[in-house]
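Structural description and commentary
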Amino acid sequence: MNRILITSAIPYINGIKHLGNLVGSQLPADLFARYNRARGAEVMFICATDEHGTPAELAAAKAGKPVAEFCAEMYDVQADIANRFGLSFDHFGRSSSPQNRKLTQHFAGRLKAEGYIEEVSEKQVYSNADGRFLPDRYIEGTCPNCGYDSARGDQCENCTKQLDPTDLIEPRSAISGSTDLEVRETKHLYLRQSKLKDQLDAWINSKTDWPVLTTSIAKKWLHDGDGLRDRGITRDLEWGVPVKDGETDWPGMEGKVFYVWFDAPIEYIAATKEWADARGLDDSAWESWWRTDKGADDVRYVQFMGKDNVPFHTLSFPATIMGSGEPWKLVDYIKSFNYLNYDGGQFSTSKGRGVFMDQALDILPADYWRWWLLSHAPETSDSEFTWENFQASVNKDLADVLGNFVSRVTKFCNSKFGPAVPEGGAYGAREEALIADLTTKIRAYEGHMAAMDVRKSSAELRSIWVAGNEYLQEVAPWTTFKENPDQAAAQIRLALNLIRVYAVLSAPFIPTASAQMLSGMNTLDMSWPDDVEAALGALPVGHEFTVPEVLFAKITDDQREEWAEKFSGVRD
Ligand SMILES: [Zn+2]
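Cut-off values and rules
- Residues numbered from 1 in each chain as written.
- Predicted model: local features only at pLDDT ≥ 70, side-chain atom pairs only at ≥ 80, totals over all residues.
- Heavy atoms only, no water.
- UniProt positions renumbered as here; feature names shortened; annotations may be inferred.
- Helix = DSSP H or I, 4+ residues; strand = E, 2+ residues; numbered from the N terminus.
- Rg over C-alpha atoms; globule rule 2.2 N^0.38 Å.
- Contact = heavy atoms within 4.5 Å.
- Salt bridge = Lys/Arg side-chain N within 4 Å of Asp/Glu carboxyl O.
- Buried < 20%, exposed > 50% of the residue type's maximum accessible area, 1.4 Å probe, protein only.
- Pairing = 2+ DSSP bridges.
- Axes fitted to C-alpha atoms, helices over the stretch in contact; angles between N-to-C directions.
- Right-handed = clockwise from strand over helix to strand, strands pointing away.
- Donors = N, O, S within 2.8 Å, 3.2 Å for Na, K, Ca; no water.
- Core = buried A, V, L, I, M, F, W, Y, C linked by side-chain atoms within 4.5 Å.
- Phe/Tyr/Trp six-rings, centres within 6.5 Å; stacked < 30°, edge-to-face > 60°.
- Bend = angle between axes of the 7 residues up to and from the residue.
- Expected span 1.5 Å × (residues − 1).

Named according to an unreviewed UniProt entry, the protein is Methionine--tRNA ligase originating from Litoreibacter halocynthiae. The protein has a UniProt comment under Sequence similarities (unreviewed entry) that states "Belongs to the class-I aminoacyl-tRNA synthetase family. MetG type 1 subfamily."

What follows is the structure, given as structure tokens:
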């Protein structure tokens with residue numbers, strides 16, 4: 001059995017994601033998961049919300065809610081939207097889960113035992129009024145560069161200058177506004193990544209099949225300047241995984257939590273345990289995906305992410321795993337993406353610019369977005385969403401090519417032969433040519449899908465739809481019918497069967513439309529067209545069907561203009 005573990009970069013909890021986030025990890029990961037399931041592989045597809053860190057605390061404070069409550073609510077919102085987009089996670093977990101807490105503490109304990117943790121004393125700003133240390137974003141003051149009076153401790157939003165909290169003039173707590181601040185010593189844990197540099201380097205070098213986009217980013221971080229630097233893995237915050245050495249307390253680290261970058265990728269593993277726990281399965285069920293001593297040595301592990309996440313996944317998370325000295329599964333292949341831009345600028349969560357996942361579903365069903373986003377995935381370079389392009393792609397590919405084929409074939413058959421696969425006639429040279437053509441194209445499609453070439457896959461799928469349309473146009477059963485009804489019956493028999501084949505091939509891209517097509521064809525037969533000729537006989541003579549509802553409505557110019565206007569500004 002072919003076993004494939006797939007993880008999508010986990011979205012941060014503090015808001016609804018935009019379409020650029022979606023196409024950068026979750027959606028192509030879903031495409032790959034659905035394809036591999038359709039080909040009979042055993043798939044574990046994992047995603048989760050990334051819930052710890054300062055931005056979650058600040059977003060909760062802004063919403064006037066305790067952070068745990070805020071995260072629980074936002075988790076439900078994100079899970080619901082993911083579900084409505086057809087993202088077929090086996091489990092959508094939460095990095096704040098008890099499973100992740102325990103695993104993160106376990107990894108920290110193992111790294112300490114193996115000599116990869118260093119305790120470092122640092123100076124940090126402490127607020128007497130708030131009774132706590134203040135991380136960068138919790139300190140505000142006047143920018144020494146431009147005089148802006150609400151500059152943050154890490155950066156001035158007005159002039160974008162990077163700052164240290166101690167640079168600020170008249171610094172104050174962003175929580176209470178108190179100016180009763182002092183600099184105190186505090187101790188933090190550092191992951192000694194530099195000690196693992198050679199091991200990481202050799203591992204990256206062994207990945208000769210990885211895209212250059214992925215390896216070049218990793219190499220840059222490994223070798224530029226001073227090379228790979230040790231990283232702090234703890235913070236003086238309340239919201240997060242409490243620092244522990246496995247299950248025992250860590251003297252001197254009381255009241256501290258792990259830094260979000262440390263626990264977030266461990267959630268890939270923890271979410272798989274969440275999956276097992278939710279189903280009442282024992283530990284072997286999730287360990288067989290993650291422990292090479294417990295069955296994961298035959299697993300292929302593929303990660304999907306935007307390019308900004310590559311350093312963490314090629315260096316920091318592997319350092320955590322390698323440094324543990326335990327046989328955890330390392331990633332086998334990383335599929336990374338460039339950025340999707342929006343109508344001449346960037347999508348921006350903080351600025352509310354672009355189309356967000358919930359807004360997209362308010363105006364059109366998921367399949368329209370899935371098709372456009374995947375067929376324009378930012379693989380080799382950044383790509384851009386424009387309403388004109390979206391309208392053209394939906395109307396041509398989905399409505400004119402695929403939708404029209406299904407509609408014409410089923411309506412014609414229904415009116416001339418009745419609602420069942422007609423008998424009579426036989427396939428001739430034109431049908432054989434079509435079968436040969438489809439066979440070539442389907443084998444190419446399989447190759448692109450297996451290689452995660454998203455755009456090439458969509459182009460090939462479209463050409464498979466086009467081949468059916470061209471056949472129909474050429475043999476014109478509506479004309480044939482007048483002189484030779486038997487031959488027309490044979491042509492329509494093939495075309496009805498082709499609808500089922502299209503449903504099977506298209507399901508990873510447009511699962512809802514695929515289900516509609518199968519439902520119309522009155523079949524649950526999702527078998528893959530390994531043998532195209534046989535597949536075109538799967539629905540036998542006399543098999544009844546119903547004419548499906550219109551699969552894809554065209555986007556009108558009025559709609560396009562209305563939406564372009566509606567989404568031209570920023571979100572409230
Ligand atoms: Zn400034």
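After that view of the structure, there is still more to cover.
1. Re the overall build of the protein
Counting secondary structure elements, the protein contains 19 helices and 19 strands. Whereas a compact globule of 572 residues would reach a radius of gyration of roughly 25 Å, the protein reaches 27 Å, a difference of no more than 12%. Each principal axis of the C-alpha distribution contributes one length, and for the protein these read about 95 × 55 × 45 Å. Pairs at least 24 residues apart make up 77% of the contacts formed inside the protein by residues separated by at least 6 positions.

2. Notes on the pattern of salt bridges
A complete count under the given rule lists 41 salt bridges for this structure. Arg291 is the partner of Asp293 in a salt bridge, and the nearest nitrogen-oxygen pair spans 3.1 Å. Residue classification places Asp293 among the partly exposed positions, given a relative accessible area of 44%. With a closest N to O distance of 2.9 Å, Glu379 and Lys335 form a salt bridge. Taken as a pair, Glu379 in the loop between helix H11 (366-375) and strand S19 (383-385) and Lys335 in strand S16 (residues 333-337) lie far apart in primary sequence, 44 residues in all.

3. Looking at the UniProt feature "domain: Methionyl/Leucyl tRNA synthetase" (unreviewed entry) in the protein
In the UniProt entry, the feature "domain: Methionyl/Leucyl tRNA synthetase" (unreviewed entry) is given for residues 4-409. Strand forms 20% of residues 4-409 and helix 41%; the C-alpha atoms that close the span are 37 Å apart.

4. Digging into the sheet that holds strand S15 (residues 299-306)
Paired through their backbone hydrogen bonds, the strands of a sheet run either parallel or antiparallel. The 5 strands are arranged S3-S2-S1-S15-S16 in an open sheet whose pairing can be described as parallel. Strands at the two margins of the open sheet, each flanked by one partner only, are strand S3 (91-94) and S16. Along the sheet, successive strands turn relative to each other by an average axial angle of 20°, direction set aside.

5. Things to note about the pairing of S15
Within S15, 7 of the 8 residues are buried, leaving the element largely enclosed by the surrounding structure. Alignment of strand S1 (residues 3-8) against S15, held across 6 bridges, turns out to be parallel. Note on S15: the bridge partner recorded for Ser8 is Phe304. Bridge count for S15 against S16 is 5 bridges, and the pairing is parallel. By the bridge assignment, Val302 is partnered in S16 with Tyr333. Between the parallel elements S15 and S16, the chain passes through helix H9 (residues 310-323) in a crossover that is right-handed.

6. Comments concerning the sheet that holds strand S17 (residues 340-342)
Reading across from one edge, S18-S17-S19 is the order of the 3 strands in this open sheet, with mixed pairing throughout. At either end of the open sheet lies a strand with only one pairing partner, and these are strand S18 (345-346) and S19. The pairing of S17 with S18 spans 2 bridges and is classified as antiparallel. Paired with Asn341 across the strands is Gln346, a residue of S18.

7. Brief notes about the coordination of the zinc ion
Every protein donor of the zinc ion is listed here as Cys143 (SG), Cys146 (SG), Cys156 (SG) and Cys159 (SG), and their distances to the metal cover 2.3 to 2.4 Å. Motif for the zinc ion, donor spacing along one chain: C-x2-C-x9-C-x2-C. Of the two residues, Cys143 is situated in the loop between strand S6 (139-142) and strand S7 (151-152) and Cys159 in the loop between S7 and strand S8 (169-173); the sequence distance between them amounts to 16 residues.

8. Quick look at the nonpolar core
Counting 168 residues, the largest nonpolar core has Phe85, Trp369, Trp387 and Phe390 as its most contacted members. Ranked by residues supplied to this core, first place goes to helix H12 (residues 387-416) with 12 residues. Among all residues touching Trp369, those that are not within four sequence positions of it are Leu19, Phe85, Ala360, Leu361, Ile363, Leu364, Phe385, Trp387 and Phe390. Ranked by size, the runner-up nonpolar core spans 12 residues in total, among them Val125, Tyr138, Leu163 and Leu181.

9. Side note on the packing of aromatic side chains
For the structure on display, the rule yields 34 aromatic pairs. Note on Trp290 and Tyr301: the rings are 5.0 Å apart at their centroids and 75° apart in plane angle, and the pair reads as edge-to-face. Residue Trp290 is located in helix H8 (residues 283-290), and its partner Tyr301 is located in strand S15; the two are separated by 11 residues in the primary sequence. We classify Tyr301 as buried; its relative accessible area is 0%. Centroid distance Tyr342 to Phe385: 5.8 Å. Interplanar angle 15°. Geometry classified as stacked. Residue Tyr342 is located in strand S17, and its partner Phe385 is located in strand S19; the two are separated by 43 residues in the primary sequence. Grouping aromatic residues by their ring pairs yields a cluster made of Tyr342, Phe347, Trp369, Trp372, Phe385, Trp387, Phe390, Trp563 and Phe567.

10. Some details on H12
The largest bend in H12 amounts to roughly 40° and is located at Asn404. Where H12 terminates, the next one or two residues include Gly418, which has phi positive at roughly 95°.

11. Things to note about helix H4 (residues 98-113)
Taking 1.5 Å of rise per residue, the 16 residues of H4 would be expected to cover 22 Å, and the 23 Å separating its terminal C-alpha atoms lies within 8% of that figure. Buried residues belonging to H4 abut strand S4 (117-127), strand S9 (181-191), strand S12 (244-245), strand S14 (257-258), helix H7 (260-278) and H9. Immediately downstream of H4, the backbone of Gly115 shows phi near 85°, a positive value.

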